[in-house]
Amino acid sequence: MRKNKIVLLSALVACALLAGCNDEKKDSVTIEFMHSSVEQERQAVIGKLIERFEQENPGIKVKQVPVEEDAYNTKVTTLARSGALPEIIEISHDYAKVMDKEQLLDREAIQGVITTLGDSAFYDGVLRIVRTEDAKAWTGVPISAWIQGIWYKKSALANAGLQPPRDWDSLLAAAGALNDPAHKKYGIALPTAESVMTEQAFSQFALSNNANVFDASGAVTIDTPQMAQALTFYQALAKDTMPGSNNVMEIKDAFMNGAAPMAIYSTYILPAVYSEGDPQDLGFVVPNQKSPAVYGMITSLTLTAGQTEAETDAAKKFVVFMEQAQNAADWVLMSPGAALPVIRAVSDTPSYKDNPVIKAFGELPAQLIAQYPNVQVFGSVGDKNFTRMGDITGSGALNAMVNNVTVGNKDVNATLAQSQTRIAELAAQ
């Protein structure tokens, strides 16, 4: 009889242990994090962040899904159609508009994370860029950014007796004074190719003149006097740049090899200047006519729709974790100087302040961050970010418009009239 009791007790203990294992399995959840960091060293950084998160949240597993940037949009579309979107996706504010239009984002979950963090956690001007079209929600939780403007070599301008450009007129005058095409020296390296970089660069001049793709009611406003002034100026400025269609590599090479002492480029020029040039000789200004206009790209961690409650809760915890000062600093420092922090507390972390790239540029990183309130992008009017802008950028209509008048030397007014018709048709779809 005693032996039977022992067997029964063992069976009950085993059953209890098995039930406990089943409960543990039931309570655990695995979520996916899709990002564009395909480089092994960056995946290692993200892997360490995930490891820290999992240690703090033992019931949650996070799986990395690295995807090449060129294949990103296609991958999102494919996964959305199959109902297999990762719970968390790293995304630009441009493409986030497209995802919001397709109702692929969990607005409520994103709102929950931003509420947890508090608006004041972000630098002024950042959240405005990720507003939805109805201005009632956000398309993601910002984690980093890069901005674009006019870079110049202080010594080159000083040697020519020039002050840093303050507005359109002084920029055009400086570019003209520095231009010497007979000796393959040019006043400014300016984007003119049929590429998204050209649209971004031109947008700064247009927006600084109060010219936008849409007005507050959503009507297309390409063929306007303000846009004509901006396009005419850009056409004139292009006469002081390298011949042909200039894109990312041509701009960077001309600035770095001394062919052009000024260039329109993003903060991704900083790592090159750090390794190949003189960080203290680098200056930065922004196009300024009626107002200063900085082009900026906000990178967010967004939460997708269609997930289970447990998956969404786990995803929200992970994004909140990633937005904490040290974790966000680790993220930003995967591209020191090129990627800027959007969380205020990051700039005070020792790892950010003591990073050799950040230290080499002195006050410049802080000056760049201070430009967030001046960030303006096509399709953003007040607190509205029109989702149709993503389709217009994707069509290439705007960069073709700029290419036509710079490389093609077409008439500005005729080009604007044609572009108005084409973009109005795209916006109506």
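Thresholds applied
Residues numbered from 1 in each chain as written. Predicted model: local features only at pLDDT ≥ 70, side-chain atom pairs only at ≥ 80, totals over all residues. Heavy atoms only, no water. Domains from an automatic or database assignment. Contact = heavy atoms within 4.5 Å. Buried area = accessible area lost by both parts, 1.4 Å probe. Salt bridge = Lys/Arg side-chain N within 4 Å of Asp/Glu carboxyl O. Buried < 20%, exposed > 50% of the residue type's maximum accessible area, 1.4 Å probe, protein only. Helix = DSSP H or I, 4+ residues; strand = E, 2+ residues; numbered from the N terminus. Lys, Arg positive; Asp, Glu negative; His and termini not counted. Phe/Tyr/Trp six-rings, centres within 6.5 Å; stacked < 30°, edge-to-face > 60°. Lys NZ or Arg CZ within 6 Å of the ring centre and 35° of its normal. Arc of directions from axis to C-beta. Core = buried A, V, L, I, M, F, W, Y, C linked by side-chain atoms within 4.5 Å.

Another point: the domain arrangement of the chain. When the parts of a complex come together, some accessible area is lost, and that lost area is often taken as the interface size. The domains assigned to the chain are domain 1 (29-145 + 299-365) and domain 2 (147-295 + 373-427). Relative placement of domain 1 and domain 2: their C-alpha centres are 28 Å apart. Taken together, the contact pairs 27 residues of domain 1 with 26 residues of domain 2. Between domain 1 and domain 2, a total of about 2400 Å² is buried, with carbon and sulfur atoms accounting for 59% of that surface. Per-residue buried area on domain 1 facing domain 2 is highest for Lys97, Glu133 and Phe361; these three make up 28% of the total on that side. Counting across the interface, domain 1 meets domain 2 through one salt bridge.

What follows concerns helix H8 (residues 168-178). Side chains three or four residues apart in an α-helix point the same way, a direct result of the helix having 3.6 residues per turn. Among the residues of H8, those classed as buried are Trp168, Ser170, Leu171, Ala174, Ala175 and Leu178. On its buried face, H8 sits against strand S4 (141-153), helix H7 (154-159), helix H9 (196-208), helix H10 (225-237) and strand S5 (262-266).

Relative to the elements of secondary structure, Glu90 occurs in strand S3 (residues 88-92). Of the side chains with opposite charge, Arg42 comes closest to the buried, unpaired Glu90, at an N-O distance of 7.0 Å. Residues in contact with Glu90, not counting those within four places in the same chain, are Phe33, Met34, His35, Ser36, Ser37, Tyr72, Thr299, Ser300, Leu301 and Trp331.

Let's shift gears to the packing of aromatic side chains. Throughout the structure, instances matching the rule amount to 15 aromatic pairs. Judged by centre distance (5.4 Å) and plane angle (40 degrees), the ring pair of Phe205 and Phe233 falls under tilted. Within this pair, whereas Phe205 is found in helix H9, its partner Phe233 is found in helix H10, the two being separated by 28 residues in sequence. Pairing Phe205 with Tyr234 gives two aromatic rings, centres 5.7 Å apart and planes at 70 degrees, and the pair type is edge-to-face. Here Phe205 is found in helix H9, whereas its partner Tyr234 is found in helix H10, with 29 residues between them in sequence. Here Tyr234 falls in the buried class, since its relative accessible area comes to 0%. An aromatic cluster of three or more residues is present, and its members are Trp168, Phe202, Phe205, Phe233, Tyr234 and Phe378. Positioned above the aromatic ring of Phe255 is the side chain of Lys153, whose terminal nitrogen or guanidinium carbon lies 5.0 Å from the ring centre.

All right, on to helix H18 (residues 388-395) then. Among all positions in H18, only Met389, Gly390, Ile392 and Thr393 are buried. For H18, the angular spread of buried residues about the axis comes to 165 degrees, placing them on one side. Lining the buried residues of H18 we find helix H4 (93-101), H9, helix H19 (397-406) and helix H20 (412-428). Gly396 sits one or two residues past H18 and shows a positive phi near 80 degrees.

In this structure, Ile31, Ile88, Trp151, Phe318 and Tyr372 are the most contacted members of the largest nonpolar core, which totals 94 residues. Counting contributing residues per domain, this core is built from domain 1 (29-145 + 299-365) and domain 2 (147-295 + 373-427), each supplying no fewer than three. Ignoring any residue separated from it by four or fewer positions in sequence, one finds Phe318 in contact with Ile31, Phe33, Ile50, Phe53, Val62 and Ile88.

Here we take up the pattern of salt bridges. A complete count under the given rule lists seven salt bridges for this structure. Glu32 serves as the salt-bridge partner of Lys63, at 3.9 Å between the closest nitrogen and oxygen. With Lys63 in strand S2 (residues 60-66) and Glu32 in strand S1 (residues 29-35), this pair connects stretches of sequence that are 31 residues apart. Among the residues examined, Lys63 registers a relative accessible area of 46% and is labelled partly exposed.

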